[in-house]
Amino acid sequence: MKSTYRIQKTWIIIFFMTIGLALQAQEKFNFTNHKILIEGTSNIHDWEMEVEEADGFIEMKMENDKLNISNISLTIPIKSMKSGKGKMDSNTYEALKEEKNPNITFSFLEATQLEKTGNFTYTANLKGNLSIAGNTQVVSIPVEIDNNQTSLVANYTITMTDFGVDPPTAMFGTIKTGDAVNINFNLNYNKQ
């Protein structure tokens, strides 16, 4: 009877130690430096906005020379998007319904098609919920991850109307923004 109790107790301890080690193996990295450029078109000229602030993290671990991504989060305050032209910025904030929805967010669902492409480099599709102007869509963003340079790079195109955003206009509707917007990400991360 005593030996059965000891065996059960030993297995319980081993079980919790294994869970603890698995949880410790997952590492969290904060995005510490970024370059995010938003590019679009209009009936007059192309335009771009730089994102001055972004906050987020990636949780991942190396396991038998394979990368495992378990979480990623990115938040972009809409008012941190700057074109250098005040009127364009305010039209953008209004179109994105910034007063009710001050942030653009991406929250992770899963990583698919994760492939090693070099000693420290990987490609993957990050599937997640992208929320813009109060509307959320499930998207799959192709990314490149370089663990040597500690960077995540992506180029993704969205359609504003998919998120309930009417493309901004100016000059009483004579200047019209195109519906497609290209977002270029270069996010550097450091261990938390």
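Our subject is the structure listed above.
Residues numbered from 1 in each chain as written. Predicted model: local features only at pLDDT ≥ 70, side-chain atom pairs only at ≥ 80, totals over all residues. Heavy atoms only, no water.

## Section: the side chain of Ser-83
And step 1. Its location among the elements puts Ser-83 in the loop between strand S5 (81-82) and helix H2 (86-95).
And step 2. Looking at Ser-83, the relative accessible area reads 17%, which means it is buried.
And step 3. Among the polar contacts listed, one links the side chain of Ser-83 to the backbone nitrogen of Lys-85, at a separation of 3.0 Å.
And step 4. Here Asp-89 takes part through its side chain, which lies 2.6 Å from a polar atom of the side chain of Ser-83.
And step 5. Setting aside its immediate chain neighbours within four residues, Ser-83 contacts Glu-48, Met-49, Met-88 and Asp-89. (Helix = DSSP H or I, 4+ residues; strand = E, 2+ residues; numbered from the N terminus. Buried < 20%, exposed > 50% of the residue type's maximum accessible area, 1.4 Å probe, protein only. Polar contact = N/O pair within 3.5 Å; in protein donor to acceptor, adjacent residues only side chain to side chain. Contact = heavy atoms within 4.5 Å.)

## Concerning the packing of aromatic side chains
And step 1. Tallied over the entire structure, the rule returns one aromatic pair.
And step 2. Measuring from centroid to centroid gives 5.4 Å for Phe-29 and Tyr-189, while their planes differ by 65 degrees, and the two rings are edge-to-face. A residue pair is termed long-range when its members are at least 10 positions apart, and Phe-29 in strand S1 (residues 27-42) and Tyr-189 in strand S11 (residues 175-191) qualify at 160 residues. The residues Phe-29 and Tyr-189 share a single accessibility class, namely buried.
And step 3. Looking at Lys-28, its charged tip hangs above the ring of Phe-57, at a distance of 4.2 Å from the centre. (Phe/Tyr/Trp six-rings, centres within 6.5 Å; stacked < 30°, edge-to-face > 60°. Lys NZ or Arg CZ within 6 Å of the ring centre and 35° of its normal.)

## Some points on the pairing of strand S9 (residues 151-159)
And step 1. Here strand S8 (residues 135-146) runs beside S9; their pairing, made up of four bridges, is antiparallel. Note that in S9 the partner of Ile-145 across the bridge is Leu-152.
And step 2. Count of turn residues in the S8/S9 antiparallel hairpin: four residues, of which Thr-150 carries a positive phi of about 45 degrees.
And step 3. Both S9 and S11 contribute to a ladder of nine bridges, which runs antiparallel. Within the sheet, the bridge partner assigned to Thr-157 lies in S11 and is Asn-182. (Pairing = 2+ DSSP bridges.)

## Comments concerning H2
Think of an α-helix as turning once every 3.6 residues; residues three or four places apart then point the same way.
And step 1. Within the sequence span of H2, burial applies to Met-88, Asp-89, Asn-91, Thr-92, Tyr-93 and Ala-95.
And step 2. Those residues of H2 that are buried lie in contact with strand S2 (47-51), S5 and strand S10 (169-170).
And step 3. Remark: Lys-97 follows H2 within two positions and exhibits a positive phi of approximately 55 degrees.

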